[in-house]
Amino acid sequence: MSVLPLVFTSGWASGINAYAVVLLLGIFGATGLTDEVPASLQRTDVLIVAAVLFLCEAVADKIPYVDSVWDAAHTVIRPLAGGVVGALLAGQSGSLSDITAGVVGGSTALASHFVKAGTRMAINTSPEPFSNVAMSMAEDLGVAGIITFAMFNPQAAAIIAAVLLAAGLAILIFLWSRIRRFLRRRAQRREEKHLAAEAREATGATGLPPR
């Protein structure tokens, strides 16, 4: 059986939470739930690092604006993780070229990452923090659920991931106006901080309040 559905699903999930994907796949492989997971993902050191980074993401992902900074820092990490995981899965099964699997996993992860990052920008235009917590928990549960389901029915899981990706892209287009508003507010805050810093410097240099 081709490993492509699992590669696609893991790529979609990696774009949302790459550390959870590595951790779950490693645990499933180490416990003997599946033979599709390569030994490199089952190593104890890999599982420990993935678990620690997953906990870090679980905290950062629930704090307004911090989540967007975290997403920006992972614009390269998540697609890279999706590509590496895809290539490793293909190498384990031998039913798909490593390069093809890497491209599929990486490009799918990049698309779902943009959906996640863009949605978070839109959510951060709201002053309350509860929507960030709710969205983060929904994303974590979604990744855990679909990766677990993919172990038993990879084709159906891939279809679900494709539908979620398409829906996410549609929502991202719909929310683009809110995202632009968020970016304008962030740029305005940076400008205000810059002007305030200049005012403090001027006050310190002259000993007089700025005019």
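First things first, this report covers the structure right here in the doc. (Residues numbered from 1 in each chain as written. Predicted model: local features only at pLDDT ≥ 70, side-chain atom pairs only at ≥ 80, totals over all residues. Heavy atoms only, no water.)

1. Considerations on the layout of surface pockets
Taking a probe equal in size to a water molecule and rolling it over the atoms shows the remaining empty space.
Moving on, step 1. In this structure, the largest pocket spans a volume of roughly 360 Å³.
Moving on, step 2. Lining the largest pocket are 16 residues, with W12, I16, V115, M135 and E139 positioned closest to its centre.
Moving on, step 3. The residue makeup of the lining of the largest pocket, split by class, is 10 nonpolar, 4 polar and 2 charged.
Moving on, step 4. Computed from the structure, the second largest pocket encloses a volume of approximately 180 Å³.
Moving on, step 5. Within the residue set of the lining of the second largest pocket, elements represented by two or more residues are α3 (66–73), α5 (98–123) and α8 (176–206). (1 Å grid on protein atoms, 1.4 Å probe; cavity = no way out; pocket = protein on both sides within 12 Å on 5 of 7 lines; lining within 4 Å. Points joined across faces, edges and corners; volume = space filled by probe spheres on them. Nonpolar A, V, L, I, M, F, W, Y, C, P; charged D, E, K, R; others polar. Helix = DSSP H or I, 4+ residues; strand = E, 2+ residues; numbered from the N terminus.)

2. Things to note about α5
Three or four residues apart is the spacing at which side chains of an α-helix point the same way, because the helix has 3.6 residues per turn.
Moving on, step 1. Taking 1.5 Å per residue as the helical rise, α5 with its 26 residues ought to reach 38 Å, and the 37 Å between its terminal C-alpha atoms agrees with that figure.
Moving on, step 2. A side-chain oxygen of the first residue of α5 lies 3.3 Å from the backbone nitrogen of I99; this N-cap is S97. (Expected span 1.5 Å × (residues − 1). Polar contact = N/O pair within 3.5 Å; in protein donor to acceptor, adjacent residues only side chain to side chain.)

3. A word on the packing of α5 against helix α7 (residues 154–174)
Moving on, step 1. Here α5 crosses α7 at 40°, and the two axes come no closer than 9 Å. Between α5 and α7, the angle is such that the two are oblique. The chirality of how α5 crosses α7 is left-handed. The residues of α7 that touch α5, namely those facing T108, A111, S112, F114, V115, G118 and T119, are L165, G168, L169 and L172. (Axes fitted to C-alpha atoms, helices over the stretch in contact; angles between N-to-C directions. Parallel < 35°, antiparallel > 145°, perpendicular 65-115°, else oblique. Left-handed = near helix turned anticlockwise from the far one by under 90°. Contact = heavy atoms within 4.5 Å.)

4. Examining unusual backbone geometry
Note: most residues except glycine have negative phi, and most peptide bonds are trans.
Moving on, step 1. Even without glycine at this site, Y65 takes up a positive phi of about 75°.
Moving on, step 2. Assignment of secondary structure puts Y65 in the loop between α2 (44–60) and α3.
Moving on, step 3. For Y65, a relative accessible area of 33% gives the class partly exposed. (Buried < 20%, exposed > 50% of the residue type's maximum accessible area, 1.4 Å probe, protein only.)

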